[in-house]
Amino acid sequence: MPKSQGIIEFRDNFNRAQEFSTTPGHNGWTIKDTSAAGTPTYLCATEDGGSAVLTLAATSEAEVVTLYQNNVLPIDLAKLKRFEVIAKVAGIDSVTTVCLGLASAQNDTSDSVAVNCWFKLAGADSTSAVVIETDDGVTDDDDNATGQTLAAVYKRFEIDFSNGLSDVRFYIDGQPVGAGTFSLASVSAGQNVQPFFQVQKASGTGTPSLTIARVAYEEAYSYGS
């Protein structure tokens, strides 16, 4: 057959009544909840036309809540063109960590995720400053300053792969952020990832939350000859 190629487009505005669970639901979204006595919440809200809201419990314990694709990795990094998230946070304190972006298999310790490319808030360093991290399995490039903050106002986070894996670019509200060149060039051939959103606290009664209004990505496809 003649060769066919184009762009696969995925978008989710979470504009539905859905309570996420450990069983994959609409669009494959799944929750991993690492808590003991507390009861974190994770659901789609009607706010602003739809959003996914992850909120930790007011229980004094360590908690981790992850919204992901249940480690079914649908995105081939080599074919990915663009990844976008619109999000805001609340209740971030010095024991909170938030990651939003792309990852291989989930780990409750974010720095132990084998392959990642994301924006991050590390409350131990700052309760509002956003940093960039990448890890291609060879080079772990952590805590790169963006000069941008995240709080109770939505911001648009974009990762641009259109220049190839050796030149990954990050944007916040349309403005380039992060100095230098970010690379995932050492990933294994055929490395796939999943959308990944994780909010966690090390201790205390705080109730940090992450609200995701939109997730979108574009991936090239080609078949035939």
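Residues numbered from 1 in each chain as written. Predicted model: local features only at pLDDT ≥ 70, side-chain atom pairs only at ≥ 80, totals over all residues. Heavy atoms only, no water.

Q: Account for the overall build of the protein chain, with residues named and values stated.
A: Looking only at helices and strands, the protein chain features 0 helices and 16 strands. In terms of C-alpha radius of gyration, the protein chain reaches 17 Å, essentially the compact-globule figure of 17 Å for 225 residues. Viewed in the frame of its principal axes, the protein chain has a C-alpha envelope of about 60 × 40 × 30 Å. When contacts within the protein chain are restricted to residue pairs at least 6 apart in sequence, long-range pairs at least 24 apart make up 67% of them. When the accessible surface of the protein chain is split by element, carbon and sulfur atoms take 48% of a total near 9500 Å². A gap of 8 Å separates the mean positions of the 14 positive and 27 negative side-chain charges of the protein chain. (Helix = DSSP H or I, 4+ residues; strand = E, 2+ residues; numbered from the N terminus. Rg over C-alpha atoms; globule rule 2.2 N^0.38 Å. Contact = heavy atoms within 4.5 Å. Areas by Shrake-Rupley, 256 points an atom, 1.4 Å probe, with all protein chains shown as cover. Lys, Arg positive; Asp, Glu negative; His and termini not counted. Charge placed at Lys NZ, Arg CZ, Asp CG, Glu CD.)

Q: Please set out the environment of Val53 residue by residue, giving values where relevant.
A: By secondary structure assignment, the location of Val53 is in strand β4 (residues 51–55). Taking the C-alpha atoms as reference points, Val53 and Asn71, separated by 18 residues in sequence, lie 20 Å from one another. Apart from residues no more than four positions distant in its own chain, Val53 is found in contact with Thr41, Tyr42, Leu43, Ala45, Leu210 and Thr211.

Q: Explain the pairing of strand β15 (residues 192–201) to me, and be specific about the residues and the numbers.
A: Within β15, 9 of the 10 residues are buried, which leaves it mostly tucked inside the rest of the structure. Of the pairings in the sheet, the one linking strand β5 (residues 63–68) to β15 comprises 5 bridges and is antiparallel in character. If you follow Leu67 over to β15, its bridge partner there is Phe197. Across 2 bridges, strand β6 (residues 75–76) lies against β15 in antiparallel orientation. Across the sheet, Ile75 pairs through a bridge with Val193, a residue of β15. (Buried < 20%, exposed > 50% of the residue type's maximum accessible area, 1.4 Å probe, protein only. Pairing = 2+ DSSP bridges.)

Q: Give me the packing of aromatic side chains: which residues, what numbers.
A: Tallied over the full model, the rule gives 8 aromatic pairs. Note on Trp118 and Phe196: the rings are 5.3 Å apart at their centroids and 25° apart in plane angle, and the pair reads as stacked. In this pair, Trp118 sits in strand β9 (residues 115–122) while Phe196 sits in strand β15, placing the two residues 78 residues apart along the sequence. Phe196 carries the same exposure label as Trp118, and that label is buried. Aromatic side chains Phe170 and Phe182 sit 5.2 Å apart centroid to centroid with 75° between the ring planes, which places their arrangement in the edge-to-face category. Here Phe170, found in strand β13 (residues 168–172), pairs with Phe182, found in strand β14 (residues 175–182); they are 12 residues apart in sequence, far enough to count as distant. A relative accessible area of 1% places Phe170 in the buried class. According to the relative accessible area criterion, Phe182 is buried, its value standing at 2%. Taken together, the ring pairs connect Phe14, Phe20, Trp29 and Phe197 into an aromatic cluster. In this arrangement the basic side chain of Lys88 is found over the ring face of Tyr154, its NZ or CZ atom lying 4.7 Å from the centre. (Phe/Tyr/Trp six-rings, centres within 6.5 Å; stacked < 30°, edge-to-face > 60°. Lys NZ or Arg CZ within 6 Å of the ring centre and 35° of its normal.)

Q: Can you break down unusual backbone geometry residue by residue, with the values?
A: Not every positive phi belongs to a glycine, and Asn70 is a case in point at roughly 60°. Here Asn70 is to be found in the loop between β5 and β6. Of the residues examined, Asn70 reaches a relative accessible area of 32% and is grouped as partly exposed. At Asn71, a position not held by glycine, the phi torsion is positive, near 65°. Within the fold, Asn71 resides in the loop between β5 and β6.

Q: How would you explain the pattern of salt bridges if you had to name every residue and give the values?
A: Within this structure, the stated rule accounts for 10 salt bridges. When the shortest N-O distance is used, the salt bridge between Asp108 and Lys32 registers 3.5 Å. Of the two residues, Asp108 sits in the loop between β8 (96–103) and β9 while Lys32 sits in strand β2 (residues 30–34), which places them 76 residues apart along the sequence. Among the residues examined, Lys32 registers a relative accessible area of 29% and is labelled partly exposed. As a salt-bridge pair, Lys120 and Asp111 come within 3.4 Å of each other at their nearest N and O atoms. Classification of Lys120 by relative accessible area gives buried; the value is 6%. Bridged by salt links that share partners, the residues Arg82, Glu84, Arg214 and Glu218 form one connected network. (Salt bridge = Lys/Arg side-chain N within 4 Å of Asp/Glu carboxyl O.)

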